[in-house]
Amino acid sequence: MVAPERISRFLSFLLRHNPPEYRLRFDRRGFVSWDELFAKVRERFGEVSEAEVLAVIEGAEKKRFEFAEGKVRATYGHSFPVELELQSVEPPERLYHGTARDLARNFLRAGLTPRDRRHVYLSESLEEAIAVGKRRDPLPAVLVVAARAAHADGIRFYHSGNLFLVEAVPARFLSLWDSGAGSARSA
């Protein structure tokens, strides 16, 4: 049996970054046929069942994938153009973005923009933002986004999977989470 985390990582790689060596055929909304995708997973892992792969797609707590009408896509994280057709939503009062400490000061000065993706990803939970930030820094910085105020100022937020997506967040809506005080503080 293949570990679900390995399957999830491979699916994320295929569906978010469209590597040319795998030659998947995506529609404009980022969907690829289940049969085509499953064949690539079988090529990679050998004996893996459809049930194992579907359990990863449909059972993921983070809702990274969407299965519809015999097709699968990633719900966020694309590095190639995809029309996710998301609807703008009113966000909660605050959202969080975990990042490396050396990047946080720049974001506080210049605003939060996507690096190698199409959107900035924001978490509803401080714990999730910390976990994301730890991928790049063992003691990450967490930016607090005054999301409702930004939305009121015309910034569009989208909900996809368990994350909120935004094209950019101006610096005036950002503050730094102060773990010692347990609250946000201005830069």
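Numbering of residues begins from 1 in every chain and follows the order in which that chain's sequence is written. Given that this is a predicted model, residues contribute local features only at a pLDDT of at least 70 and side-chain atom pairs are listed and counted only at 80 or more, while totals for whole chains, interfaces and linings are drawn from all residues. Each side-chain value is derived from all of the structure's non-hydrogen atoms; neither hydrogens nor water enter the calculation.

K.L.:
I'd love a proper account of the layout of surface pockets, names of residues and values included.
P.N.:
Cavities and pockets were defined on a 1 Å grid built from protein atoms only: a cavity is a group of points that admits a 1.4 Å probe but offers it no way out, a pocket is an open group of points flanked by protein on both sides within 12 Å along at least five of seven lines, and a lining residue is one with an atom within 4 Å of any such point. Grid points are joined across faces, edges and corners, and a volume is the space filled by probe spheres set on the points. Of the pockets and cavities examined, the largest pocket occupies roughly 800 Å³. Around the largest pocket, the lining is made up of 35 residues, and of these Arg-117, Tyr-121, Val-132, Arg-135 and Arg-136 lie nearest the centre. Contributions of two or more residues to the lining of the largest pocket are made by helix H1 (4-17), strand S5 (95-99), helix H4 (101-110), strand S6 (120-122) and helix H5 (126-133). To qualify as a helix, a DSSP run of H or I must reach at least 4 residues; to qualify as a strand, a run of E must reach at least 2; elements of each kind are numbered from the N terminus. The greatest single-element share of the lining of the largest pocket, amounting to 7 residues, is contributed by H1. For this classification, Asp, Glu, Lys and Arg are treated as charged, while Ala, Val, Leu, Ile, Met, Phe, Trp, Tyr, Cys and Pro are nonpolar and the rest, including Gly, are polar. For the lining of the largest pocket, the residue count by class is 13 nonpolar, 11 polar and 11 charged.

K.L.:
Describe the pattern of salt bridges, naming the residues involved and giving the relevant values.
P.N.:
Counted as salt bridges are all cases of a side-chain nitrogen of Lys or Arg within 4 Å of a carboxyl oxygen of Asp or Glu. Tallying each qualifying case throughout the model produces 12 salt bridges. When the shortest N-O distance is used, the salt bridge between Glu-85 and Arg-28 registers 2.7 Å. Placement of Glu-85 in the loop between strand S3 (71-74) and strand S4 (88-89) and of Arg-28 in the loop between H1 and strand S1 (32-33) is noted, with a sequence separation of 57 residues between them. With its nearest N and O atoms 2.8 Å apart, the salt bridge here joins Asp-137 to Arg-101. On the criterion of sequence distance, the pair formed by Asp-137 in the loop between H5 and strand S7 (141-145) and Arg-101 in helix H4 is long-range, its members being 36 residues apart. Residues joined by salt bridges that share partners form a network here, namely Arg-28, Arg-29, Glu-83 and Glu-85.

K.L.:
Report on H1, specifying residues and quantitative values.
P.N.:
Under the 1.5 Å per step criterion, the end-to-end length of H1 is 20 Å for 14 residues, consistent within 8% with the ideal 20 Å. Every buried residue of H1 is accounted for by Ile-7, Ser-8, Phe-10, Leu-11, Ser-12, Leu-14, Leu-15 and Arg-16. Next to the buried residues of H1 lie S1, helix H2 (34-45), helix H3 (50-59), strand S2 (65-68) and S3. Backbone geometry just downstream of H1 places Asn-18 in the positive-phi region, at approximately 50°. A helix's residues, less one, multiplied by 1.5 Å, set its expected span. For every residue, the accessible area (1.4 Å probe, protein chains only) is compared with the maximum for its type, and the residue is labelled buried under 20%, exposed over 50%, or partly exposed between those bounds. Between two residues, a contact is recorded if the distance between any of their heavy atoms is within 4.5 Å.

K.L.:
I'd like a description of the confidence of the model for the protein chain, backed by residues and values.
P.N.:
Confidence of the predictor in every single residue is expressed as pLDDT, which spans 0 to 100. The predicted model of the protein chain averages 90 in pLDDT, with 94% of residues at 70 or higher. Ranking the helices and strands of the protein chain by mean pLDDT puts helix H6 (residues 147-152) first, with 98, and strand S11 (residues 183-185) last, with 56.

K.L.:
So what about H3? Which residues, and what values?
P.N.:
Side chains that are three or four residues apart share a direction in an α-helix, a result of its 3.6 residues per turn. Listed in full, the buried residues belonging to H3 are Glu-52, Val-53, Val-56 and Ile-57. Down the axis of H3, the sector holding all buried residues measures 130°, keeping them to one side. Among the exposed residues of H3, those oriented more than 90 degrees off its buried face are Ala-51, Glu-58 and Gly-59. In this fold, the buried residues of H3 make contact with H1, H2, S2 and S3. Here the arc refers to the set of directions running from the helix axis out to each C-beta atom.

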